[in-house]
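Chain by chain, the residues:
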Amino acid sequence: MRWWDLPAVTVLEYTVFPEDAWSVGMFWSELAEVATRYYLVAEEFGADAAHPDRDGPRLVGYAGLLAGIGEAEVQTIAVDPGRRGRGLGRALLTELLREAARRQCDDVVLEVRVDNPPAQQLYREFGFVQVGLRRGYYQPANVDALVMRASGVIERFGEED
Ligand SMILES: CC(C)(COP(=O)(O)OP(=O)(O)OC[C@H]1O[C@@H](n2cnc3c(N)ncnc32)[C@H](O)[C@@H]1OP(=O)(O)O)[C@@H](O)C(=O)NCCC(=O)NCCS
């Protein structure tokens, strides 16, 4: 993800997270933290039904990681509602976990809304297990967050040399 992606990222952000969307300023701040952040976008090329005259690229997803010492955190992951169920979420999360492994982070944590089974299922598929519950974490909706953790990331997602 680069600064020139931010207009499209922000549009998708407000579509996907209408209650607690990050502002464009928050994305700018994240991208400025180059030493500890890793953000990527998924783009689609070629004309589509909505834009037959355009070849793209069109932003269809994004994801971000905060890498600390030994542990990383999934900051966000989102796929365009019209492009879900085609493996994009899996591809984005795989890439975040590979980056965590490259940065020697063996544990990866995240928060996910209790009322978001699709995301929870995606995370479980990657070995995340619930390790906590944060009551009222998502405001203003006052929705609880599951805290999930994946371990052994370096062995599972590290690249062979
Ligand atoms: C969660 C999200 C990123 C998944 O993206 P996606 O591209 O549809 O996911 P994929 O097609 O790669 O699916 C991968 C796995 O996720 C799980 N999954 C995805 N959608 C699901 C659904 N509607 N119900 C149950 N499980 C689902 C499944 O385990 C799936 O594997 P399978 O296809 O073998 O069953 C997408 O639904 C999204 O953007 N949601 C809104 C934003 C969000 O909730 N982000 C997470 C915040 S913590």
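Residues numbered from 1 in each chain as written. Predicted model: local features only at pLDDT ≥ 70, side-chain atom pairs only at ≥ 80, totals over all residues. Heavy atoms only, no water.

Per an unreviewed UniProt entry, the chain goes by the name Ribosomal protein S18-alanine N-acetyltransferase and belongs to Actinocrinis puniceicyclus. Turning to the chain, the UniProt record has this under Sequence similarities (unreviewed entry): "Belongs to the acetyltransferase family. RimI subfamily." (UniProt positions renumbered as here; feature names shortened; annotations may be inferred.)

Asks: Teacher, can you tell me more about the sheet that holds strand β5 (residues 129-138) here?
Replies: Strand pairing within a sheet occurs via backbone hydrogen bonds; the two strands may be parallel or antiparallel. Taken in spatial order, the six strands make up an open sheet running β1-β2-β3-β4-β6-β5, and their pairing is mixed. Each end of this open sheet is capped by a strand with a single partner; those strands are β1 (37-44) and β5. Put simply, the sheet's adjacent strands are angled 25 degrees from each other on average, direction ignored. Inspection of the sheet shows β5 paired to strand β6 (residues 143-150) by six bridges, in the antiparallel sense. When the sheet's bridge partners are listed, V129 is paired in β6 with R149. Most of the contacts of helix α1 (residues 6-16) go to strand β2 (residues 58-67), to which it runs at about 85 degrees, and overall it touches β1, β2 and β3 (71-79). Packing of helix α3 (residues 88-102) onto the sheet brings it into contact with β1, β2, β3 and β4 (107-113), and relative to β3 it is tilted by some 160 degrees. (Pairing = 2+ DSSP bridges. Helix = DSSP H or I, 4+ residues; strand = E, 2+ residues; numbered from the N terminus. Axes fitted to C-alpha atoms, helices over the stretch in contact; angles between N-to-C directions. Contact = heavy atoms within 4.5 Å.)

Asks: Even after reading the chapter, I still don't get the packing of α3 against helix α4 (residues 117-125), so can you show me in this structure?
Replies: Helix packing for two helices is described by the angle between their axes and how far apart those axes are. Orientation of α3 relative to α4, taken along the N-to-C sense of each, is 50 degrees, at an axis distance of 11 Å. Our classification of the angle between α3 and α4 gives oblique. The handedness of the crossing between α3 and α4 comes out as right-handed. Together, G89, R90 and L93 of α3 and L122, Y123 and E125 of α4 make up the contact between the two elements. Residues belonging to the contact of α3 with α4 are distributed by class as follows: three nonpolar, one polar and two charged. (Parallel < 35°, antiparallel > 145°, perpendicular 65-115°, else oblique. Left-handed = near helix turned anticlockwise from the far one by under 90°. Nonpolar A, V, L, I, M, F, W, Y, C, P; charged D, E, K, R; others polar.)

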